[in-house]
Amino acid sequence: MTKRLFHSFVFAVLLASLSAAGALACSQGGQCTGFGGCNSTQYLYNFDFSEGCAWSYTGGTSVTTSGGTKMCNLFPSYLTLGYNAGAQSFAWQFVTIPNGQTGTHWTLGFNLEADPSANTHGADTFFVKVYDVTAAADLVISSTYTATGSPSCRLFTASFTGDLHGHQIEVLTVANVIHSDAHFYVTSVSLDGGP
């Protein structure tokens with residue numbers, strides 16, 4: 001009897017630890033983000049940079065998770081893209097759209113802030129691209145923002161249409177920063193799919 005209880009206890013602890021690990025693991029979105037009846041779905045992993053997973057990035061980039069200096073005095077977790085010895089700075093993520101996704105309307109969204117120390121940094125630029133790896137085609141490229149413009153951290157969006165079920169998609173942030181004191185900060189990078 002004691003042995004059976006001990007084995008049950010060990011099994012329960014193991015199951016709980018696996019469940020906790022799964023809860024802490026970074027997973028693809030799919031959560032409802034629409035209002036009034038879940039009419040859109042977010043498909044990116046870790047869209048707000050609050051976890052150290054899913055995104056890959058090059059030199060000149062870093063991720064601040066909760067507890068850092070808040071971007072726009074609002075977001076505690078974000079990506080910083082800055083000077084990279086003359087090369088562009090990138091952060092990217094691959095996501096597979098589920099076969100069950102039948103909607104064809106898509107919205108790319110992100111919050112952006114720039115931090116130049118002078119008004120001469122118009123050559124420092126930032127944009128986000130959504131690329132269909134399966135079809136080898138660009139789906140949408142956001143407007144290009146400059147450090148001089150100092151985006152006010154509002155939500156920027158770009159919309160497009162396409163049947164992407166089963167496709168592998170890449171979301172790519174690109175900063176071309178030629179001044180070492182200029183930076184772009186981005187968070188809440190979303191890829192929403194709807195009807």
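Our structure's up above, just so we're on the same page.
So, how was this worked out
Residues numbered from 1 in each chain as written. Predicted model: local features only at pLDDT ≥ 70, side-chain atom pairs only at ≥ 80, totals over all residues. Heavy atoms only, no water. Salt bridge = Lys/Arg side-chain N within 4 Å of Asp/Glu carboxyl O. Helix = DSSP H or I, 4+ residues; strand = E, 2+ residues; numbered from the N terminus. Disulfide = S-S within 2.5 Å. Buried < 20%, exposed > 50% of the residue type's maximum accessible area, 1.4 Å probe, protein only. Core = buried A, V, L, I, M, F, W, Y, C linked by side-chain atoms within 4.5 Å. Contact = heavy atoms within 4.5 Å. Phe/Tyr/Trp six-rings, centres within 6.5 Å; stacked < 30°, edge-to-face > 60°.

Draft legend 1. Spotlight on the pattern of salt bridges. Enumeration according to the criterion identifies one salt bridge in this entry. Residue aspartate 138 is joined to lysine 129 by a salt bridge in which the shortest nitrogen-to-oxygen separation is 3.6 Å.

Draft legend 2. Structural view of the environment of valine 186. Topologically, valine 186 is positioned in strand β13 (residues 184-194). Sequence-wise, valine 186 and leucine 81 are 105 residues apart; in three dimensions their C-alpha atoms are separated by 8.2 Å.

Draft legend 3. Up close: the state of the cysteines. A full pass over the atoms with the stated rule returns one disulfide. Each sulfur in the disulfide pair cysteine 72 and cysteine 153 lies 1.7 Å from the other. Here the S-S torsion is close to 90 degrees, and the disulfide linking cysteine 72 with cysteine 153 is therefore right-handed. Here cysteine 72, found in the loop between β4 (61-64) and β5 (78-81), pairs with cysteine 153, found in strand β11 (residues 152-161); they are 81 residues apart in sequence, far enough to count as distant. Judged by its relative accessible area of 10%, cysteine 153 is buried.

Draft legend 4. Structural context of the nonpolar core. Formed by 33 residues in total, the largest nonpolar core has its most connected members in Phe110, Phe126, Val171 and Val189. Only β5, β6 (89-96), β7 (105-114), β8 (125-132), β11, β12 (168-176) and β13 provide two or more residues apiece to this core. A total of five residues in this core trace back to one element, the largest contributor, which is β7. In this structure, Met71, Tyr78, Cys153 and Tyr185 belong to the second largest nonpolar core, which totals five residues.

Draft legend 5. Looking closely at the environment of glutamine 168. As for its placement among the helices and strands, glutamine 168 is situated in strand β12. Considered as a pair, glutamine 168 and alanine 135 are 33 residues apart in the sequence and their alpha carbons are 8.7 Å apart. Beyond its immediate sequence surroundings of up to four residues, glutamine 168 is in contact with Phe94, Val95, Thr96, Tyr131, Asp132, Val133 and Thr134.

Draft legend 6. Seen up close, the packing of aromatic side chains. Applying the stated criterion across every chain, the model contains nine aromatic pairs. Between tyrosine 78 and tyrosine 185, the aromatic rings sit 5.9 Å apart at their centres with planes inclined by 85 degrees, giving edge-to-face as the arrangement. Of the two residues, tyrosine 78 sits in strand β5 while tyrosine 185 sits in strand β13, which places them 107 residues apart along the sequence. Relative accessible area serves as the criterion here: at 7%, tyrosine 78 is assigned to the buried category. Using a relative accessible area of 16% as the deciding quantity, one classes tyrosine 185 as buried. Here phenylalanine 110 and phenylalanine 156 contribute two aromatic rings whose centre-to-centre distance is 5.9 Å and whose plane-to-plane angle is 25 degrees, an arrangement assigned as stacked. Here phenylalanine 110 is found in strand β7, whereas its partner phenylalanine 156 is found in strand β11, with 46 residues between them in sequence. The exposure class of phenylalanine 156 is buried, given its relative accessible area of 6%.

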